[in-house]
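# Structural characterization, general
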Amino acid sequence: MKRSLIAVAFAASAIAAFTGIVAAKDEAAKDVLPPGSVSRAEGLEAWKRIEAVVTHPRCANCHVDAKAIPIWTPAGETRPRVHGMNIHGGESRIGAETIPCSTCHITSTQANEPAPAPPRAGIDWQLAPVAFIWFGKSGAEICAQLKDPKRNGGRDAAGLVEHLRHDASLSGFIPRGWAPGAGRTTPPGTFEDHVKDMALWGAAGQPCPN
Ligand code: HEC
Ligand code: HEC
């Protein structure tokens, strides 16, 4: 009896997750613009705005290299520094080898508390995969990497837009960059602006600055 209840609950959550993916796909389909419908110049303008987002501490602090040390930019500070308390993401990127990120960064769709409370999200807190390094990279380097399917999780231009919608459907890290908890700065623009810019950049053929 208990078993079948668990099975039913599991099936229901699997269906909910699947519906979420389908909904995010549908929504992303509305955002994506026809390839070639945007000029290279407009695409480069869109990239400049994307660059200001992906190099912002709310995004770059998690997109770190293989040393797996998350970065902190506490409220009222602008200079990044190493995460306090000797935290290490490890190869797992979730801190499984030492102290799991989830000890402090709980998984919850509730709004973030004001700084310095640890931020949270609807998906388990973790560092971005090593291939997606943004921290300490130049805008041109990040641009080249973000359009390279070998270094962006196998995504084409539409796939990147879809990723933003999918992450938002889970109350993930990306929309929360703009709702990080009172006291913390946010990237320029809004999450919706960022989705539009990603669509513009994609339709322009993902041009990068030299
Ligand atoms: C012992 C508690 C604790 C653990 C464990 C922990 N963190 Fe944190 N983390 C915090 C606190 C508190 C803050 C907020 C600091 C502030 O804003 O002043 C924070 C902030 C961050 C930030 C900065 C967020 C931003 O928007 O600038 C990142 C990135 C981060 N943690 C990543 C991680 C990762 C990845 C792990 C696991 C490998 C982890 N943390 C484990 C307590 C913890
Ligand atoms: C808590 C850590 C964390 C924060 C903060 C974070 N990310 Fe990520 N990011 C991840 C993880 C983990 C993945 C891998 C997820 C996947 O590929 O499905 C990822 C993947 C991505 C990807 C897809 C592939 C690629 O090329 O990088 C994009 C785009 C992205 N993040 C954008 C952002 C943006 C924009 C922000 C800030 C608004 C942000 N992220 C903040 C952890 C984070």
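What comes next concerns the included structure. Since the structure is predicted, the reported quantities are computational estimates derived from the model, not experimental observations.

## Observations concerning the site of ligand 1
The environment of ligand 1 is made up of 29 residues, and the closest members are Pro70, Gly95, Cys101, Cys104 and Pro116. When residues of the shell around ligand 1 are traced back to their parent elements, those giving at least two are α3 (57–60) and β1 (71–72). Taken together, the residues that form the shell around ligand 1 break down as 19 nonpolar, 8 polar and 2 charged.

## Concerning the packing of helix α5 (residues 157–169) against helix α7 (residues 191–203)
Their axes nearest at 8 Å, the elements α5 and α7 cross at an angle of 165 degrees. As summarised for this structure, α5 and α7 are arranged roughly antiparallel, according to the angle between their axes. Considering only the axes of α5 and α7, their crossing is left-handed. Two secondary-structure elements touch here, α5 through Ala157, Ala158, Leu160, Val161, Leu164 and Ala168 and α7 through Phe191, His194, Val195, Met198, Ala199 and Gly202. Considering only residue class, the contact of α5 with α7 consists of 10 nonpolar, 2 polar and no charged.

## Here's the deal with the site of ligand 2
By nearness alone, 20 residues border ligand 2, and Cys59, Cys62, Phe132, Asn152 and Gly177 come closest of all. Elements with a minimum of two residues in the shell around ligand 2: α2 (40–54), α3, α5 and α6 (173–176). Of the residues that constitute the shell around ligand 2, the class distribution is 13 nonpolar, 6 polar and 1 charged.

## Here we look at α7
Between the first and last C-alpha of α7 there are 19 Å, a value that for 13 residues agrees with the 18 Å anticipated at 1.5 Å per step. Along α7, the positions that sit buried rather than exposed are His194, Val195, Asp197, Met198, Ala199, Leu200, Trp201, Gly202 and Ala203.

## Some thoughts on the nonpolar core
Core analysis: the biggest nonpolar cluster contains 32 residues, and Ile50, Val161, Met198, Leu200 and Trp201 have the highest contact counts within it. Among the elements that line this core, the one with the most residues is α7, at 6 residues. Not counting residues within four places of it along the chain, the set of residues in contact with valine 161 comprises Ala28, Asp31, Val32, Val195, Met198, Ala199 and Gly202.

## Here's the deal with the environment of alanine 204
Its place among the elements puts alanine 204 in the segment after α7. On a C-alpha basis, the gap between alanine 204 and alanine 41 in space is 8.3 Å, while along the polypeptide they are 163 residues apart. Setting aside its immediate chain neighbours within four residues, alanine 204 contacts Val38, Ser39, Arg40, Glu42, Gly43 and Ala46.

## Considerations on unusual backbone geometry
Proline 116 follows alanine 115 through a cis peptide bond whose omega is 10 degrees. Mapped onto the fold, proline 116 is located in the loop between β2 (81–82) and α4 (139–146). A positive phi angle is found at alanine 68, which is not glycine, with a value near 65 degrees. Topologically, alanine 68 is positioned in the loop between α3 and β1. By C-beta crowding, alanine 68 is classed as partly exposed, having 19 other C-beta atoms within 10 Å.

## Examining the packing of α2 against α7
In helix packing, the relevant descriptors are the interaxial angle and the interaxial distance, both defined with respect to the helix axes. The contact between α2 and α7 brings their axes to 8 Å, and the two run at 140 degrees. Between α2 and α7, the crossing angle belongs to the class labelled oblique. As α2 packs across α7, the resulting crossing turns out to be left-handed. Counted together, Glu42, Gly43, Ala46, Trp47, Arg49, Ile50 and Val53 of α2 and His194, Asp197, Met198, Leu200 and Trp201 of α7 form the full contact between these two elements. Its residues assigned to classes, the contact of α2 with α7 shows 7 nonpolar, 2 polar and 3 charged.

What counts and how
Residues numbered from 1 in each chain as written. Chains lettered and ligands numbered in written order. Predicted model: local features only at pLDDT ≥ 70, side-chain atom pairs only at ≥ 80, totals over all residues. Near = placed C-beta within 6 Å. Helix = DSSP H or I, 4+ residues; strand = E, 2+ residues; numbered from the N terminus. Nonpolar A, V, L, I, M, F, W, Y, C, P; charged D, E, K, R; others polar. Axes fitted to C-alpha atoms, helices over the stretch in contact; angles between N-to-C directions. Parallel < 35°, antiparallel > 145°, perpendicular 65-115°, else oblique. Left-handed = near helix turned anticlockwise from the far one by under 90°. Contact = placed C-beta atoms within 7 Å. Expected span 1.5 Å × (residues − 1). Buried ≥ 20, exposed ≤ 12 C-beta atoms within 10 Å, placed from the backbone. Core = buried A, V, L, I, M, F, W, Y, C linked by C-beta atoms within 7 Å.

Just distances and angles here, no functional claims.
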